[in-house]
Structures are given as structure tokens and as C-alpha cells.
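Now for the letters of each chain:
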Amino acid sequence: MGSMLLGFVTDFFTYETTKSVVVKSWSVGIINRIVQLLIISYFVGWVFIHEKAYQSTDTGIESSVMTKVKGFGYQNNHVMDVADYVLPPQGAGVFCIITKLIVTENQFQGQCAETGWRYGCQKDEDCHKHLGSILTNGAITGVCLNSSSGSKGMCEIEGWCPSENDNVVVESMMDVVDFTIFIKNSIRFPLFNVTRGNFPATMTSDEIKRCTYHPETNPFCPIFRVGDVLNFTGQDVKNLTQKGGEIGINIEWKCNLDYDIENCVPRYSFTRLDEPFAKNAVSKGYNFRFAKYFKTVNGTDFRTLHKAYAIRFDVMVTGNAGKFDTIPTLINLVAAFTSVGLGAVLCDIILLNFLKGADQYKAKKFEEVSEAQIEASIAQSPGSPLSLKGGIKSSYDSGAISLATSDQQL
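Since this is a predicted model, take the numbers as computed values, not measurements.

Participant: Pulling in residues and values, what's your account of the overall build of the chain?
Facilitator: In terms of regular secondary structure, the chain is built from 11 helices and 18 strands. Counting over 410 residues, the chain shows a buried share of 35%. For the chain, the accessible area works out to roughly 26100 Å², and carbon and sulfur atoms hold 57% of it.

Below, the structure is given as C-alpha cells:
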């Protein structure tokens, strides 16, 4: 009993290693090293240096944006200030600067002629095809209002009269290029409890008022000239002021918290968001309508309708932060060491299937044992599970063979 226990303990504290076959082949050796070099280069260059896989990353950025526009311009012989051309007025991350207004004054509820060539008529039946249309300035009544001279008339609508005529020629407010946009952005990375602002805390009020953003000479100034922003997008400024458009201002935060926190700074980029529709025959640019309502002395409602062409600005905030962490580092190191073994797998495939002498390699790499051989071996040495030759003994835990000291010369 004691000898069996001693034998079990002895076998338990033995080390077993796999049998290796050394193949002295230039072609296979070169392929093996090239594959290993590519795998190591990928993990070192891309995974660890570029992607910083040794860091924990926080992509759940929390952000707040406040905007303020300043400037004066002329539209329809009126001086326009911020209260006239900025909507909505709350200073949010999405706002519009109106560049052209078509104004229809003194509209009262009633019946009047529709505008637009498609609503011309000679008789009432010509207007029936427009009944229920939502493209008109009011509800079509089905009546054709003929002119007194007997020429072509217009279909009648019921609604706010006179109806809007948006085909009038109105000059856009080109002064918009000299307007300025102040952007105040604060962000927080909750995983690391890091908060940052888009301009230095040491910047004084006078410095902010005097500076203008430039990507090279003044990249941290929060004051943006509208003309510069439009030029950064590569668009035609006059066309944008005439038809309107949507401009994206992206504030990107990419922070490596392994370095000084002062290196966590924003990067700005500008793009035209409605670029896919710029060349469409319909739905070009950006416009909307709003009205201002009044009452006469006797209590009758009337309004002034505005069709506004505007440049819409969307301030978007994106980013992530990373910091060294032991767990992702170990995981990616294990993945790197494991992946290096792919070189041996590829070389085995080449050796076993494509190179001359593949059969000899198979004979060295794989040792086939049939049941007949096992039974014959047991019959020759009944006292051992499998004795291939003298001096070789079997391990009880895995069945692998181990070499005795007296057999090391083999």
C-alpha cells in the first residue's frame, strides 16, 4: 500500500512535455518567421500602440453645450439683430441663423386667390383636382376666380389671406459671414470622473473677446466666425445664404489619461450635413415658416407670415478617454502569445499537404498505435500498462511516455 502511494506521489510531481520535431527547411522556416513577425507587428503596432488595448476606455461621454451668436445685418431694409435672426433663442446646441426672409403682412382669415402657376384655371372643374391638397396655402374651395379681363383665373382658397407668394426675389443677408458664434462645451467621463471645458480656465474675458478660432494659430478659442466655418466646409457661401443649409460643428475629445490631464483638449471639425441633397431638384437647402399674431381694435386676429431661409448649425460632441489597466493588458498579451502559435499551424498545413516528403514528416510527427500492438506489448510485459522498450515508463495521469535517466542517450 505504501509503495503504491509513493509511486502515485512520485508520478504526480513529474513534468511532462510534448514531443517536438525539428524540420530543417529554409522555405518552411522563413514562412514560420514571417508569419510570427506579422502577428507580433500587428499586436505591437495596431493593438497596443494604435488602439491602446492596454487601457480601459470610457466612451460614455457626458456633454453640455451652450451657444451665443453676435452680429448685425441688413434684410428687407431693416437692421437685424440676434433676436431677429436666431431661432430658437435659448442658446442650445442646435440653432438657426436666418439669412433671408419672405414676409407676407396683414393676413386675415377669409377667401382669396391661390398663388402659383399650377393653380391657374378657366372654370371650377379645373380646381376640383386640387381638393384636399396639402401643398396649397389654404383649403381649396373648388371655385375658379376669373379675372375681370377674362384671362386665366386662379383657384380660390379658404384660410389666411392674402396667400403667400414665395417666388418674389429677396436678397439674402450676406452680413452673416461676419457674425460670431460663441460655443461653451463642458464634458465628463464618468468612468474616470474627469471633467473638462473647451477653453482653458486661465483664459480671461478680454482674451476671449479678442480671439477668433483658427485650427493652427488659435485652436482653443471658443469664438467662431460664421464665414470661416462655412469656408471650412468647402461650400459656396452665397448659395448657402440664398437657399439655407445644415452645418455640423463636431467637437471631438480623445483623451489619453496616462498623460497630463492638460493634454485632454478638444479638436474641431466642420461639415455640411445636408450635402447629399445639395444637388437634388427638390428639397434643397433649409427653410421654415413662422408667424407673428396681432389683434385689431375690434378683436379680429391677423398675422404676419415669415418664410425663413436659414443656416442650421448642429454642435455635436463625441469622444472617449483611456487609462492604463492591468486586466485588458493581460488579456491582450495572452491573445498575442497565443496568436504567435498560428505560424506553427500554417507551417504544419504546408508540411503535411504541399511539400515534397510530406509522408516522412507525417511519420515523424504522428505515431499510430493499434489495439493489436497494445495487446502484444502487454503480453510481452504483463506488469506494465504499455512498455515500448526497457527503461521507458508510463505516467499514470495522462498516459504520456517519460524517458528514464538511463535512456537519455537516445
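That shown, we press on.
Participant: So, a nonpolar patch on the surface: which residues are in play, and what are the values?
Facilitator: Judged by side-chain polarity, Leu-5, Phe-8, Val-9, Phe-12 and Phe-13 come together as a nonpolar surface patch covering roughly 590 Å² of accessible area. By the element assignment, Val-9 lies in helix α1 (residues 2-12). Residue classification places Val-9 among the partly exposed residues on the basis of a relative accessible area of 36%.

Participant: Explain the pattern of salt bridges to me, and be specific about the residues and the numbers.
Facilitator: With the rule as written, the count across this model stands at 12 salt bridges. Asp-126 is the partner of Lys-123 in a salt bridge, and the nearest nitrogen-oxygen pair spans 3.5 Å. With relative accessibility at 45%, the residue Lys-123 sits in the partly exposed group. Overall, the relative accessible area of 23% leaves Asp-126 in the partly exposed class. With a closest N to O distance of 3.1 Å, Asp-178 and Arg-225 form a salt bridge.

Participant: How would you summarise the nonpolar core if you had to cite specific residues and measurements?
Facilitator: Ranked by internal contacts, the top residues of the largest apolar core, which has 44 residues, are Val-69, Tyr-85, Ile-97, Phe-179, Val-226, Trp-253 and Phe-313. Elements supplying a minimum of two residues to this core: β6 (94-113), β10 (180-189), α6 (226-232), α7 (237-243), β13 (245-256), β14 (266-272) and β16 (301-324). Top contributing element to this core by residue count: β16, with seven residues. For Phe-313, the residues in contact, after removing those within four places along its chain, are Gly-93, Val-94, Phe-95, Ile-97, Ile-181, Val-226, Val-229, Ile-247 and Ile-249. Cys-112, Cys-127, Ile-140 and Cys-155 belong to the second-largest nonpolar core, a separate cluster that totals nine residues.

Participant: Can you break down the layout of surface pockets residue by residue, with the values?
Facilitator: If you add up the space inside the largest pocket, you get close to 900 Å³. Around the largest pocket, the lining is made up of 30 residues, and of these Arg-118, Asp-166, Asn-167, Arg-289 and Lys-307 lie nearest the centre. Of the residues assigned to the lining of the largest pocket, the class counts are 12 nonpolar, nine polar and nine charged.

Participant: Describe unusual backbone geometry, with residues and values.
Facilitator: A cis amide bond links Leu-87 with the next residue in sequence, Pro-88, at an omega value of -15°. Structurally, Pro-88 is set in the loop between β5 (86-87) and β6. Within the chain, Asn-77 stands out as a residue other than glycine whose phi angle is a positive 65°. By the secondary structure assignment, Asn-77 is in the loop between β3 (73-75) and β4 (78-80). What makes Asn-77 exposed here is its relative accessible area of 81%. The phi torsion at Asn-193 lies on the positive side, around 55°, for a residue other than glycine. Inspection of the secondary structure puts Asn-193 in the loop between β10 and β11 (194-197).

Participant: Break down helix α2 (residues 26-50) for me, with residues and values.
Facilitator: For α2, built from 25 residues, the straight-helix expectation of 36 Å at 1.5 Å per residue is met to within 8% by its first-to-last C-alpha distance of 33 Å. Those residues of α2 lying buried are Val-28, Asn-32, Val-35, Gln-36, Ile-39, Phe-43, Val-47 and Phe-48. Lining the buried residues of α2 we find α8 (326-340) and α9 (342-353). Where α2 ends, the next residue or the one after it, Lys-52, has phi of about 50°, a positive value.

Participant: Explain the packing of α8 against α9 residue by residue, including any values.
Facilitator: Look at α8 against α9: their axes get within 4 Å of each other, and the N-to-C directions meet at 20°. Judged on the interaxial angle alone, α9 and α8 are roughly parallel. Contact residues: Thr-338, Ser-339 and Val-340 in α8; Leu-342, Gly-343 and Ala-344 in α9. For the contact of α8 with α9, a count of residues per class yields three nonpolar, three polar and no charged.

Participant: An account of the packing of aromatic side chains is requested, with residue identities and associated values reported.
Facilitator: In the structure shown here, the tally under the stated rule is 17 aromatic pairs. Summarising the aromatic geometry, the rings of Tyr-54 and Phe-324 are spaced 6.4 Å apart at their centres and angled 35° between planes, so their arrangement reads as tilted. With Tyr-54 in the loop between α2 and β1 (55-58) and Phe-324 in strand β16, this residue pair connects regions lying 270 residues apart in the sequence. Through a chain of ring-to-ring contacts, the aromatic side chains of Tyr-213, Phe-224, Phe-232, Tyr-268 and Phe-270 assemble into a single cluster.

Participant: Let's hear about the state of the cysteines: which residues, and what values?
Facilitator: The final tally for this structure, using the stated rule, is five disulfides. There is a disulfide in this structure between Cys-112 and Cys-161, and the S-S distance comes to 2.1 Å. Handedness here is read from the sign of the S-S torsion; for Cys-112 and Cys-161, about -85°, the answer is left-handed. Of this pair, Cys-112 sits in strand β6 while Cys-161 sits in strand β9 (residues 153-161), and the two are 49 residues apart along the sequence. For Cys-127, the disulfide goes to Cys-155, at an S-S distance of 2.1 Å.

Participant: Tell me what's going on with the side chain of Glu-114, and back it up with residues and numbers.
Facilitator: Inspection of the secondary structure puts Glu-114 in the loop between β6 and β7 (120-121). Buried charge without a partner: Glu-114 forms no salt bridge, and the closest opposite charge is Arg-118, 8.1 Å away. Setting aside residues no more than four positions away along its own chain, Glu-114 makes contact with Tyr-119, Thr-136, Asn-137, Gly-138, Met-154, Cys-155, Ile-157 and Ser-163.

Participant: Lay out the confidence of the model for the chain with the relevant residues and their values.
Facilitator: Taken over all residues, the pLDDT of the chain has a mean of 84, while the share at 70 or more is 89%. In this model residues 385-410 is a low-confidence stretch, pLDDT under 50, and it forms 21 contacts with partners more than four residues away in sequence or in other chains.

The rules behind each value
Residues numbered from 1 in each chain as written. Predicted model: local features only at pLDDT ≥ 70, side-chain atom pairs only at ≥ 80, totals over all residues. Heavy atoms only, no water. Helix = DSSP H or I, 4+ residues; strand = E, 2+ residues; numbered from the N terminus. Buried < 20%, exposed > 50% of the residue type's maximum accessible area, 1.4 Å probe, protein only. Areas by Shrake-Rupley, 256 points an atom, 1.4 Å probe, with all protein chains shown as cover. Patch = residues over 30% accessible without salt bridge, like charges linked within 9 Å, V, L, I, M, F, W, Y side chains within 5 Å. Salt bridge = Lys/Arg side-chain N within 4 Å of Asp/Glu carboxyl O. Core = buried A, V, L, I, M, F, W, Y, C linked by side-chain atoms within 4.5 Å. Contact = heavy atoms within 4.5 Å. 1 Å grid on protein atoms, 1.4 Å probe; cavity = no way out; pocket = protein on both sides within 12 Å on 5 of 7 lines; lining within 4 Å. Points joined across faces, edges and corners; volume = space filled by probe spheres on them. Nonpolar A, V, L, I, M, F, W, Y, C, P; charged D, E, K, R; others polar. Expected span 1.5 Å × (residues − 1). Axes fitted to C-alpha atoms, helices over the stretch in contact; angles between N-to-C directions. Parallel < 35°, antiparallel > 145°, perpendicular 65-115°, else oblique. Phe/Tyr/Trp six-rings, centres within 6.5 Å; stacked < 30°, edge-to-face > 60°. Disulfide = S-S within 2.5 Å. Lys, Arg positive; Asp, Glu negative; His and termini not counted. pLDDT = per-residue confidence, 0-100.

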